[in-house]
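Coordinates in review
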Amino acid sequence: MSLAHVWPATQSQVYGELNKLTDAQLIEVVAHGPRGRKEYAITKAGRAELHRWLIEVEPTGPQRHDGLLRVFFLGVLTPLEARTFLLQQAERAARAHALYQEVADSSDWDEEMVAVYGRIALEFGLRQTAMMEGWAKWAAEEINSDRARRARDAVKEQEEKAEEQRREMQEQE
């Protein structure tokens, strides 16, 4: 439940990875349940590999964020469309924040290792979504700033000049 917020994967992806980890003897099946359900446990070799991965392997990056890529190109939209997009991002972040808060409020944060570090990861989600909501609202207001207005006017002027040059070239042909 909580890992899906950090690393979303489909059920088929999870089963594929479980098979790979089992084949590599990093995990093993320790119990069988109804409808073919299996319970896994980490092996000694798996724990060593997990330790190595945590200590020695640099996290991959940079992260790709298609929403932020879209923000980079919002200038091709009308100011109203751009503001609407940003305010939708703020709403999306607020909904995600509410879900994270619900998990935080409903979970029994005992002193088991998963609970301690799961709560730390959850706090990242809470802080990130709060930041995203605030940023998106700020950005939506920035669309109406004098700077944004001057930039739109400059682009419009460039487009008008380019159109005028195209017409002149057509007339010469």
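Here is a short report on the structure shown in this document. Computed from a predicted structure; not experimentally measured.

1. Section: the overall build of the chain
Within the chain, the secondary structure is distributed over six helices and two strands. Walking the chain from its N terminus toward its C terminus, one meets helices and strands in the order α-β-β-α-α-α-α-α. Against the 2.2 N^0.38 benchmark of 16 Å for 173 residues, the chain shows a C-alpha radius of gyration of 25 Å, more extended than a compact globule. Counting only C-alpha atoms and orienting by the principal axes, one finds that the chain spans roughly 80 × 45 × 35 Å. Residue burial in the chain is summarised as follows: out of 173 residues, 16% are buried. Roughly 14600 Å² of accessible area belongs to the chain as shown, and the carbon and sulfur atoms make up 56% of that amount. Across the chain, the 23 positively charged side chains and the 30 negatively charged ones have centroids separated by 1 Å.

2. Describing a nonpolar patch on the surface
A cluster of nonpolar side chains, contributed by I42, L50, W53, L54, I55 and V57, occupies part of the molecular surface with about 570 Å² of accessible area. Broken down by element, the residue count for the nonpolar patch peaks at four residues, all from helix α2 (residues 44-56). Mapped onto the fold, W53 is located in helix α2.

3. So, the nonpolar core
Counting seven residues, the largest nonpolar core consists of L74, A82, F85, L86, A139, A140 and I143. Of all the elements in the fold, those that place two or more residues in this core are α4 (79-106) and α5 (113-142). What A82 contacts, discounting residues up to four positions off in sequence, is L74, L77 and I143. Listed in part, the five residues of the second largest apolar core include V103, A104, L122 and L126.

4. Quick notes on the pattern of salt bridges
Going through the model one piece at a time under the given rule, you end up with 11 salt bridges. Between R127 and E123 there is a salt bridge whose closest N-O contact spans 2.9 Å. Placement of both R127 and E123 in helix α5 is noted, with a separation of four residues, approximately one turn of the helix. Here R127 falls in the exposed class, since its relative accessible area comes to 60%. Across the salt bridge formed by K161 and E157, the nearest N and O atoms sit 3.6 Å from each other. Residue K161 and its partner E157 are located together in helix α6 (residues 146-172), separated by four residues, close to a single helical turn. In this structure E157 comes out as partly exposed when scored by relative accessible area, which is 46%.

5. Observations concerning unusual backbone geometry
The phi angle at Q25 is positive, at roughly 60 degrees, despite the residue not being glycine. In this structure, R35 takes a positive phi of about 55 degrees despite not being glycine. Take R35: it is sitting in the loop between β1 (27-32) and β2 (38-42).

Calculation notes
Residues numbered from 1 in each chain as written. Predicted model: local features only at pLDDT ≥ 70, side-chain atom pairs only at ≥ 80, totals over all residues. Heavy atoms only, no water. Helix = DSSP H or I, 4+ residues; strand = E, 2+ residues; numbered from the N terminus. Rg over C-alpha atoms; globule rule 2.2 N^0.38 Å. Buried < 20%, exposed > 50% of the residue type's maximum accessible area, 1.4 Å probe, protein only. Areas by Shrake-Rupley, 256 points an atom, 1.4 Å probe, with all protein chains shown as cover. Lys, Arg positive; Asp, Glu negative; His and termini not counted. Charge placed at Lys NZ, Arg CZ, Asp CG, Glu CD. Patch = residues over 30% accessible without salt bridge, like charges linked within 9 Å, V, L, I, M, F, W, Y side chains within 5 Å. Salt bridge = Lys/Arg side-chain N within 4 Å of Asp/Glu carboxyl O. Core = buried A, V, L, I, M, F, W, Y, C linked by side-chain atoms within 4.5 Å. Contact = heavy atoms within 4.5 Å.

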